[in-house]
Amino acid sequence: MTSRRILDTKYRISETAMALFLTEGYANVTVEAVAEASSVSRRTVFRHFESKDELVFPDHTERLGLVERCLTAAPPGTDPVEAVIAATEESLREFLSRPELVLRRYKLTRIVPELRKREVVEHERYVALTRSYLRDHLPPDAPPFQPMALAALIDGIHRSALGNWVREGGTTDPEAELAAGMEWVRRMMVHQAAFSAAPLLLAVLPDTPQTRRVLTTLKDAAEELP
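Keep in mind it's a predicted model, so treat the numbers as computed, not measured.

Reading guide: rules and limits
Residues numbered from 1 in each chain as written. Predicted model: local features only at pLDDT ≥ 70, side-chain atom pairs only at ≥ 80, totals over all residues. Heavy atoms only, no water. Helix = DSSP H or I, 4+ residues; strand = E, 2+ residues; numbered from the N terminus. Buried < 20%, exposed > 50% of the residue type's maximum accessible area, 1.4 Å probe, protein only. Contact = heavy atoms within 4.5 Å. Areas by Shrake-Rupley, 256 points an atom, 1.4 Å probe, with all protein chains shown as cover. UniProt positions renumbered as here; feature names shortened; annotations may be inferred. Expected span 1.5 Å × (residues − 1). Polar contact = N/O pair within 3.5 Å; in protein donor to acceptor, adjacent residues only side chain to side chain. Phe/Tyr/Trp six-rings, centres within 6.5 Å; stacked < 30°, edge-to-face > 60°. Lys NZ or Arg CZ within 6 Å of the ring centre and 35° of its normal. Salt bridge = Lys/Arg side-chain N within 4 Å of Asp/Glu carboxyl O. Core = buried A, V, L, I, M, F, W, Y, C linked by side-chain atoms within 4.5 Å. Axes fitted to C-alpha atoms, helices over the stretch in contact; angles between N-to-C directions. Parallel < 35°, antiparallel > 145°, perpendicular 65-115°, else oblique. Left-handed = near helix turned anticlockwise from the far one by under 90°. Nonpolar A, V, L, I, M, F, W, Y, C, P; charged D, E, K, R; others polar.

Observations concerning the overall build of the protein chain
Within the protein chain, the regular secondary structure consists of 10 helices and zero strands. Here the protein chain, with 226 residues, has 38% of them falling under the buried criterion. The contacts in the protein chain between residues at least 6 apart in sequence include a share of 71% that link residues at least 24 apart. For the protein chain, the accessible surface area stands at approximately 13,500 Å², while carbon and sulfur atoms represent 57% of it.

Overview of the UniProt feature "DNA-binding region" (unreviewed entry) in the protein chain
Within the UniProt annotation, "DNA-binding region" (unreviewed entry) is assigned to residues 30-49. End-to-end, the C-alpha atoms of residues 30-49 are 13 Å apart, and along that stretch the chain is 75% helix and 0% strand.

Brief notes about helix α5 (residues 80-96)
Side chains that are three or four residues apart share a direction in an α-helix, a result of its 3.6 residues per turn. With 17 residues, α5 extends 25 Å between its outermost C-alpha atoms, agreeing within 8% with the 24 Å of an ideal straight helix rising 1.5 Å per residue. Of the residues flanking the start of α5, the one acting as N-cap is D79, its side-chain oxygen 2.8 Å from the backbone nitrogen of V81.

Section: the packing of aromatic side chains
Counting across every chain of the model gives one aromatic pair. Taken together, a centroid distance of 4.8 Å and an interplanar angle of 70° make the contact between F21 and Y26 edge-to-face. One Lys or Arg, K52, reaches over the ring of Y26 and ends 4.4 Å from the middle of that ring. One residue, R98, lies across the ring of Y11, its end atom 3.6 Å from the ring centre.

Things to note about the pattern of salt bridges
One pass over the full model with this rule turns up 14 salt bridges. R125 is paired through a salt bridge with E122; the nearest N and O atoms lie 2.8 Å apart. Of this pair, R125 and E122 both sit in helix α7 (residues 113-137), separated by three residues, roughly a single helical turn. You can call R125 partly exposed: its relative accessible area is 33%.

Brief notes about the nonpolar core
L71, V81, L134 and M182 are the most contacted members of the largest nonpolar core, which has 31 residues in total. Of all elements in the fold, only α4 (60-72), α5, α6 (99-111), α7, α8 (146-167) and α9 (174-197) reach the threshold of two or more residues within this core. Top contributing element to this core by residue count: α8, with eight residues. Not counting chain neighbours up to four residues away, the residues in contact with V81 comprise L134, L138, L150, I154, V185 and M189. The next biggest cluster of nonpolar side chains, apart from the first, holds 22 residues, and it includes L20, V29, L55 and F57.

Comments concerning the side chain of D59
Positionally, D59 belongs in the loop between α3 (42-48) and α4. A polar side-chain atom of D59 sits 2.7 Å from a polar atom in the side chain of R105. Residues contacting D59, with those up to four places away along its chain left out, are Y11, F95, L101 and R105.

Considering the packing of α5 against α8
Where α5 meets α8, the axes come as close as 11 Å, and the angle between the chain directions of the two elements is 25°. As judged from the angle between their axes, α5 and α8 are roughly parallel. For the crossing formed where α5 meets α8, the hand is right-handed. Judged by residue contacts, V81, V84, I85, T88, S91, L92, F95 and L96 of α5 engage L150, I154, H158, L162 and W165 from α8. Residues belonging to the contact of α5 with α8 are distributed by class as follows: 10 nonpolar, three polar and no charged.

Written out as structure tokens, the structure is:
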């Protein structure tokens, strides 16, 4: 059996299982019932899934491998934040390639607490991977909190875009939302770099109307910076 056929079988079993979970209740469906409905043996189910709750998450391990490959393939000299952004965008496209699976899983994780907990654990694997990459590739003088903060921020924007999409039944544009969020991250990094490079100037000024007008003008000019 080729790798493609193996994956197709895995996804077919998962989609069958989720359909049963939604119609008959997660607690009421056995692995044997999933095997029978999928026209495979119980042994085949456990060849693809170690436990019942894994039936709902057939794609995360594959997608985690995709993100890892994207990061590894980033050319030398690539900005590490840009590498993580590109890998995250590829991850979202992969999520959207199987919309029915994602939409069914959303319904299940809203009504089955143990699946919701498992979903949180699965997402933490992405954060751990990108955090490790950033820790190894950010400049040595980067603040120690930055790998964790950036990994969590980028993942949070990704989850927000995907979450809005599933909540609206697949009618929003998650790729556009993610792109807007990543532009916000880029602007934040530019402002941080400019702030870090510039010396600080501390001044004590009289509280007069003229001083307030000057400070307002400076504030407005700063907000217009790219």
